[in-house]
Structures are given as structure tokens and as C-alpha cells.
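Now for the letters of each chain:
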Amino acid sequence: MFRSAERRSPPPPSRGRSGGGWGGAILIFISVALPATAADKFPGIGRTATGAEVAAWDIDVRPDFKGLPSGSGSVAKGQEIWDARCANCHGTFGESNEIFTPIVGGTTKQDIERGRVASLTDQKQPQRTTMMKVATLSSLFDYIYRAMPWNEPRSLTVDETYAVLAHILNLAEVVPDDFVLSDKTMDSVQARMPNRFGMTKTHGLANARGKPDIQATACMKDCAEFVQIGSRLPDYARNAHNNLADQNRIWGPFRGADTSVAALAALSLSRSVALTQSAPSSAGEDAVPPAPTGKILYAKHHCAACHGLTNKLVGPSFRDVAKRYQGKSDVNVVLERKIKLGGAGAWGNIPMPPHATIEASDIASLVSWILEGKF
Amino acid sequence: MIRRKLGHLSYAPEGFVPAELVSAVTAHGIDDTRRAFLRSSFAAALLGSTVIATRSSAAEGELEILEKQPWQTTLGKPVAATPYGLPSVFEKNLQRRESPGLTRVSAASVAFTPLQGLFGIITPSGLHFERHHQGWVDIDPAKHRLMINGLVKQAKIFTMDDLLRLPSVSRIHFIECGANTGLEWGNVAVPTVQYTHGMLSCCEFTGVPLSVLLDQCGADLKKGKYVLAEGGDGSGMTRTIPMENALDDVFVAWGMNGEMLRPENGYPLRLVVPGVQGVSWVKWLRRIEVGDSPYASKDEAVHYIDLMPDGLHRQYTSIQECKSVITTPSGGQQLHATGFYNVSGMAWSGRGKIKRVDVSFDGGNHWRTARLESPVLSKAVTRFNIDWVWDGSPAILQSRAIDSTGYVQPPIRTLRAIRGSRSIYHNNAIQSWEVGSNGEVSNVQVG
């Protein structure tokens, strides 16, 4: 300790310059305090990363498994983790379409043999699942370890990651029920990935010099014998993106069509009338009232990942929760406990995960806000 | 006398227009029914008072000119009333918006830029499109670090203080999501240019070239054929970038349109990868690794891969090819009169500069060349304009861009002939807007 501290402190200038017995000390000092790169154009900028720092951040895993940490996990252990921490968003069998596209489905035994997923061409599968597309097993390990569960990334251990990935592979019938996935067995599973031969890098879109696959011409006149409209939005979708009049400038030549009503029968307005201007709501000039605390906490604690205010997602809508408990006494305490500890049964079989780290006062504010029912 | 600000209605005496009508007009603009009702209100008022001028009797001229306006006869607001300035209240309709039903959760979603209301080439910072995979975060710059490791002589750490001391560049580039216009591969799916093309923005970015940082760490350029860029948020977004790009024009940016990046766009640090799809412009950038092979991260192995008709996916498709779109008039707009219009739009190419833009008013049968407005920059949006006199008959407007490599923006059928209609990504087809004889503009596909 002492030695290294001493090495870092510069020698007294007068003696440093005198050389002699200090020469060695000066050399050591220089090798520690100055960057080692010879071509250091920008002295004083940046510092050497420690081994521990690189290890903490460098967690990526490549298709050749460079970067894969050692560890292991069984399908059975993975199922426990999946049911507790993944199923609420991705479905018990990885089939759910509610929060994201399904993870499992659409692959067959033949695909596993062939290494190409047939349903990508025969279109029998309505939706493309993760397992139908992914060619490289490393991609799934890397991603789950770095980013899942979605609302609690970086909370899985290496072994838990192996286990939960083993379970996903088992759901897709790539590995048997008693399989243990590990840094030693990843290779053998890669050789069974259903779409392992499904990628091509032969195309001109990888860099700016690539040769384009599409060749069009710039014809200037008499280019189309007849012009036919092949597709347009159906009438029933007229207001599907809400009123387009409210999404365009309220003055000027290019205002929005009022899609809350039927289209105009004909161009009916004269030029002068068209220049008439409607005013913005006076509310626009007032300060926007601050959102209620509950709503801020709802966003802050990611309740929105599973609860809509008025629509059902993974969990019930908060409007439905407010309705169910309207006028009941003592329900605050019960709900606060439920949010803290998690659990299922009140609305269905899907459990809510525990929220152990949220402060009690935040949970209390959330519950009062939910029960107030004013969304 | 204090007048309520009600646009041209402001000359009316208090209480003269029923309150419900005022709020209806405020909310919906004036349609025919309301207008008729308004006229009768005016008429009724006129009976009681002869001093009130109306449009029909204002022979001397327009009341906006003849009458003194409130903004002319009162003291305006003081400086710094809004210390960080905001757009006029009359512009509040132009906002980033989600496309209903497109995604299931809004922290893994998109908010589209309202291209239909923008001018020139720069996207205002607050309207830059948003695409997040795991929500957005606002990172304390004092706690942010950039690590460079892998095939380098010396793995290094840079603080924001370090980075801002380095020689910086400022460049204007477009950023477009690879899935922009992806909803329209099979058929028309959304009504306006905000939803068809609004995952496009163009800003001036300021930062330090990645080559400077790689050099500073002694990157092994012989073996190091790729870099991996990684984000510091929960998604830890990772993307592979070929070393030749990395050394060419890629930079590590903190500035956007003269201020710091907005948190939604990666504050305090993001990668700028000119010409390449937005997902590679890693936000909240915290690490660059030099390596000798591509990484096949989740967003290179499950998404941002283009499905071809033979069932193969094209992997590592990156370049945003030459594309253009007319922004006014565009889908969901309503023309209220015949006569002259300046038709305006945007063109861009990930392979270089825009050389020419042609516009058709008859669905692609005849074309005229549009004016390109300066500046015309490489891998940036170029604004084009063309004159048009609308005679009131139905028209189909299209634009077709050609870039400095000679590449011509294709019609949708030419794209589909090669790539099918299920690839989601990289749809750079010619866009068609139909102007009906009623003046309403709709999104259509021709052929």
C-alpha cells in the first residue's frame, strides 16, 4: 500500500532533475502516471480501465461463444424461474402475444434436423416467433442475461440465465426435459437450433459501397399505360388514428381532414372562408396542471408495464381495480401488502411479481390513487 | 375593453357567440354545420346592433386590418416568461405520436415525428422521433463513462469531461429507423406521413470522431474488423459496426441542434452512424469493443433482419437507401381551395447526396423535376419544392429521388418483386398521395 502510494507521488522537482539515485524512481513514476500508448496525441484525456471494470461491463457473448461465462442450469430449475419471473409477460409456454411477440412456437422436429424453419415460407404460422427466427443461441443467452426480466434487467445470475434459457429451448422441443445447459453444452444445442442456416449475409445493404438489389429507372413521360390504385385505407379505419384535424396545423393551406365525420362530398368552401381561422383552446395558454403523484409513481415504478389505467394488460386495469373495491373498508392495507409481496388469484392465474424495493409510502400513495379511480 | 382571443371571432361582443359553439369550434375547427350556425348568430346580433361590422358588410376591407387587434393594443409578455422557449399555442397539434395498436407496451414502442408540419431539413429537438426498447432514462453526465476495450493496446475509460476536451465535429445527418414505412410493405396501413415516414429525423450533431478515440486506445486495425457499440440503459442495446465505417464518418455525439442531446435521444452520449439505420446509433453509449467478428446481438439476430420470399433472413442490413416523400400536401390533409400550391417534401440517401427529385401528379405517368433547396448534404435530408396549380380534379402525387450513386428510388411493386412483402425493414418505395376532388388527401398504393 505504502509503496504504491509513494510511487504515485511525484519526486521533489530539484532532486528529480538531478538524476542519480532517483532515476529509477522517475522511471517507475512515468510508467504509472502516463498513458502507455506511444501515439498519445491528447495527453491528460482518458485513463486506463482496470481489469475489474472491463469484467463488470464486458458481458457480450458472440456466436463463436467468445465471452460465454462458465456456469450451468437445468430445464427444471429454469421452469421455476420462468414461472416466477417471465411467464407473467411472455405466457406460461412463451406463447403470449400480449406484451410482446411470442418467444416459442412455429418450429418442428424437421426444422431442427434441417436447420431451416419451414413456417417462414409456408406462412402457416400467423406470427413469427423468436425461436422461428433466431439462428444463433449466443444471441439469446447474451440478451436474457443483459436485459431480462424487462422491468428488472441485470437481476439474473449466470446460472439462472442458463437455466431459463434451457427451459425456453425445452418449450421449443430443442432439448429434453432432463437437459442441463452450460458453457460446455451450448455448442451441441447450437447444432440443433431450428433456424441455424436461416441467415444470409449476401446482400448489398451492409455498407454504403454494397451493390443494390433493386434497379429502378427514372422514366419521365408516358411511363404507365394506366394508373390503378391497388390499396387504400378502408372507410371504417377513417378515424382509427384519431381525428387527423387535430394532428395538423390549424391554419394554413394544409390542414387536417376532420376524420371524426364522413369525408366532404365535394370541395365546398370558397377561398375566403377557407382562410378562416379557429382559435386554440384557452387552456393551452394556462400552465398544464401537474400530474397527480400517483400517476408519476405509476410511471416511475413501471406499473405501466402490466397495468393500463383503463385497459387490461397482464394485470387488471386500474379502473377495474377501483370499481371492484369501491366503498370497501380496510382494503388499502390488503392491496399494499399484495403489491409488496406479489401474488395471484384475485384476477386470474397470472401472478403479480413482488415489489420488495419500493418504499412503503410510495406503495401507499399508489393504492390511494388507484382506489380514487380518477384516471 | 378586454377582448377574448378567439381568432377572427374576437371582434364579436362578449356573450354573442354561445359558449358551446366556442368550445366546439375550438376543438374541431369550423365545419359547415357550425359555420351556418355561426352565421345565424351574427345575423341575430346584427339585428340588435348596427355598429357591429360583419364580413358581408365590411366593404372597406378586412376587419383584421381595419380593427385594432389585442396583440397590437396591449403590453406583451416580459422576457424569459418561458425560460426554455415553447412553440406558439397555435402549433400544439404538431406533436410526436404513437400509432394506436402498433405496439403493446409504450416503453418498447415508437413515437413518430410530425413531418407534415415541418419545414426545411432540421427536426426540432423536441420532435425528434423516439424508439425505445426498454424505456428511456435520464443519465447523470457526471456518472456516465465511456469504456473502450477489446482488441486495443490499452482499454480506456473516458468521462464526459474528457470527451468534451477533444477536437469535435458538427455535422447534419438524417437518422431513420430501419422499420420506417415497414407497416406498408403489404398494403396501405396508416393514414398520414407522420405514421408512414415519421421514424425519420435530421439534426446537427456534435461530437468526437470514433477514429480519434480508437487511435487513442491503440486499436488493432489489422485484426479488429468490427466494433460493438453498447448502451448504458436497461436494454443494453448492442450493435455491430464494420471497422471501415467506424473509421470513416462515425462519431460519438453529445450535441444535437446546438444543445445537449435530449434524454429520449441518448443524453449524454450517443453514436452517430451516418447513412445507417437508427438502431445502430446506440443511445446512452457506454462502451465500444473492438473485435474480429460480428456479434449477432438480439437486435441483429431476431430483429432488424429482413425476411426474403425464400425464407432466408438478410442479416446485417444497415444502409438506408435513397428515399423521398412529399410532406405537403400529404395523407390526412384537406385542401380547401383550387389554385396554386407549393408542393414540398424531403429526400435522403444513406449512400451519399441527393442528386435529383422528380414529382408526378398523375400517379407516375408523367414526371417533372423539382427544385432542390440548399444545403444539399451527404447522408442528410434535402428539401425539395415544386409548383402546382390544382384544378380541382383528382390527382395522385408521387416523388422519386435519385442519389449521387445514380440509384433511383423504386416503386413498391419493384421492391416487392425482389423482396416480397414480409421483410418489415428497408421499405424505400415511392409514396403515393391521392388528392380527391373534395380536396381530401389519402394514402394510396398504385399498381
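We now turn to the structure provided with this report.

**A short note on the overall build of chain A**
Step number 1: Scanning chain A from N- to C-terminus turns up 17 helices and six strands.
Step number 2: When the 375 residues of chain A are sorted by exposure, 40% land in the buried category.
Step number 3: Within chain A, contacts between residues at least 6 apart in sequence are counted, and of these 55% link residues at least 24 apart.
Step number 4: Split by element, the accessible area of chain A, about 21,000 Å² in all, is 57% carbon and sulfur.

**What to know about the sheet that holds strand S15 (residues 323-328) of chain B**
All names here are of chain B.
Step number 1: Strand order in the open sheet made by the four strands is S15-S17-S21-S20, with antiparallel pairing throughout. In this open sheet, the two edge strands, each paired with only one partner strand, are S15 and strand S20 (371-372).
Step number 2: With five bridges joining them, S15 and strand S17 (residues 339-348) adopt antiparallel strand pairing. Of the residues in S17, the one forming a bridge with Thr328 is Ser344.

**A word on the packing of aromatic side chains**
Step number 1: If you walk through the whole model with that rule in mind, you get 14 aromatic pairs over all chains.
Step number 2: Considering the side-chain rings of Phe205 of chain B and Trp281 of chain B, the 5.5 Å spacing of their centres and the 65 degrees angle between planes classify their relative orientation as edge-to-face. With Phe205 of chain B in strand S6 (residues 200-209) and Trp281 of chain B in the loop between strand S11 (270-272) and strand S12 (285-291), this residue pair connects regions lying 76 residues apart in the sequence. Both residues of the pair, Phe205 of chain B and Trp281 of chain B, belong to the buried class.
Step number 3: Linked through ring pairs, Phe254 of chain A together with Tyr341, Phe361, Trp388 and Trp390 of chain B together constitute an aromatic cluster.
Step number 4: Here Arg324 of chain A stacks its cationic end above the ring of Trp347 of chain A, 3.6 Å away from the centre of that ring.
Step number 5: Across the ring face of Trp367 of chain B, the terminal group of Arg400 of chain B is positioned such that the distance to the ring centre comes to 4.1 Å.

**Section: the side chain of Asp299 of chain B**
Residues and elements named next belong to chain B.
Step number 1: Take Asp299: it is sitting in helix H9 (residues 298-301).
Step number 2: For Asp299, a relative accessible area of 4% translates into the label buried.
Step number 3: Here Asp299 is in contact with His133, Met237, Arg239, Val279 and Tyr304, once residues within four sequence places are set aside.

**Focus on the pattern of salt bridges**
Step number 1: If you walk through the whole model with that rule in mind, you get 34 salt bridges over all chains.
Step number 2: Of the charged contacts, one joins Arg62 of chain A and Asp64 of chain A as a salt bridge, the two residues approaching to 2.9 Å between their closest N and O atoms.
Step number 3: The exposure class assigned to Arg62 of chain A is buried, which follows from its relative accessible area of 4%.
Step number 4: Using a relative accessible area of 47% as the deciding quantity, one classes Asp64 of chain A as partly exposed.
Step number 5: Linked through salt bridges whose partners overlap, the residues forming this network are Asp58, Asp60, Asp142 and Arg146 of chain A together with Glu230, Arg286, Arg287 and Glu289 of chain B.

**Quick notes on the state of the cysteines**
Step number 1: In total, this model carries one disulfide over all chains according to the counting rule given.
Step number 2: Each sulfur of the disulfide joining Cys219 of chain A and Cys223 of chain A lies 2.1 Å from the other. The chirality of the disulfide connecting Cys219 of chain A with Cys223 of chain A is left-handed, given an S-S dihedral of about -95 degrees.
Step number 3: The exposure class assigned to Cys223 of chain A is partly exposed, which follows from its relative accessible area of 28%.
Step number 4: Residue Cys89 of chain A stays outside any disulfide, its sulfur separated by 4.4 Å from that of Cys306 of chain A, the closest cysteine.
Step number 5: What makes Cys89 of chain A buried here is its relative accessible area of 15%.
Step number 6: Cys203 of chain B takes part in no disulfide bond, and the closest cysteine sulfur, belonging to Cys202 of chain B, lies 6.7 Å away.

**Quick look at the interface of chain B and chain A**
Step number 1: Counting from both sides, the interface comprises 139 residues of chain B and, opposite them, 120 residues of chain A.
Step number 2: Approximately 11,300 Å² of surface area, both sides summed, lies buried where chain B meets chain A, with 55% of it carried by carbon and sulfur atoms.
Step number 3: At the boundary of chain B and chain A, one finds eleven salt bridges.
Step number 4: With a closest N to O distance of 2.9 Å, Arg232 of chain A and Glu434 of chain B form a salt bridge.

**Overview of helix H16 (residues 331-341) of chain A**
All names here are of chain A.
Step number 1: Considered for burial, the residues of H16 that qualify are Val331, Leu335 and Ile339. The arc enclosing the buried residues of H16, seen along the axis, measures out at 70 degrees, which places them on a common side. In H16, the exposed positions that point more than 90 degrees away from the buried face belong to Val333, Val334 and Arg337.
Step number 2: Trailing H16 by a residue or two, Gly342 shows a phi angle of about 75 degrees, which is positive.

**Re the packing of H16 of chain A against helix H17 (residues 360-372) of chain A**
Residues and elements named next belong to chain A.
Step number 1: Packing of H16 against H17 brings their axes to within 9 Å, and their N-to-C directions diverge by 125 degrees. By the angle class used here, H16 and H17 are oblique. The crossing of H16 and H17 is right-handed. Of the residues in H17, those in contact with Val331, Asn332, Leu335, Glu336, Ile339 and Lys340 of H16 are Ile363, Ala364, Val367, Ser368 and Leu371.
Step number 2: Here the contact of H16 with H17 is built from residues that sort into seven nonpolar, two polar and two charged.

**Quick notes on the sheet that holds strand S19 (residues 368-369) of chain B**
Step number 1: Strands sit in the order S5(A)-S24(B)-S23(B)-S22(B)-S18(B)-S19(B) across an open sheet of six strands; the sheet is antiparallel. Of all strands in the sheet, those with a lone pairing partner are strand S5 (229-232) of chain A together with S19 of chain B, marking the two edges.
Step number 2: In the sheet, strand S23 (residues 432-435) of chain B pairs with strand S24 (residues 441-446) of chain B via four bridges, with the strands oriented antiparallel. Residue Trp433 of chain B lies in a different strand from S24 of chain B, and its bridge partner there is Asn443 of chain B.

Rules and cut-offs
Residues numbered from 1 in each chain as written. Chains lettered and ligands numbered in written order. Predicted model: local features only at pLDDT ≥ 70, side-chain atom pairs only at ≥ 80, totals over all residues. Heavy atoms only, no water. Helix = DSSP H or I, 4+ residues; strand = E, 2+ residues; numbered from the N terminus. Buried < 20%, exposed > 50% of the residue type's maximum accessible area, 1.4 Å probe, protein only. Contact = heavy atoms within 4.5 Å. Areas by Shrake-Rupley, 256 points an atom, 1.4 Å probe, with all protein chains shown as cover. Pairing = 2+ DSSP bridges. Phe/Tyr/Trp six-rings, centres within 6.5 Å; stacked < 30°, edge-to-face > 60°. Lys NZ or Arg CZ within 6 Å of the ring centre and 35° of its normal. Salt bridge = Lys/Arg side-chain N within 4 Å of Asp/Glu carboxyl O. Disulfide = S-S within 2.5 Å. Buried area = accessible area lost by both parts, 1.4 Å probe. Arc of directions from axis to C-beta. Axes fitted to C-alpha atoms, helices over the stretch in contact; angles between N-to-C directions. Parallel < 35°, antiparallel > 145°, perpendicular 65-115°, else oblique. Left-handed = near helix turned anticlockwise from the far one by under 90°. Nonpolar A, V, L, I, M, F, W, Y, C, P; charged D, E, K, R; others polar.

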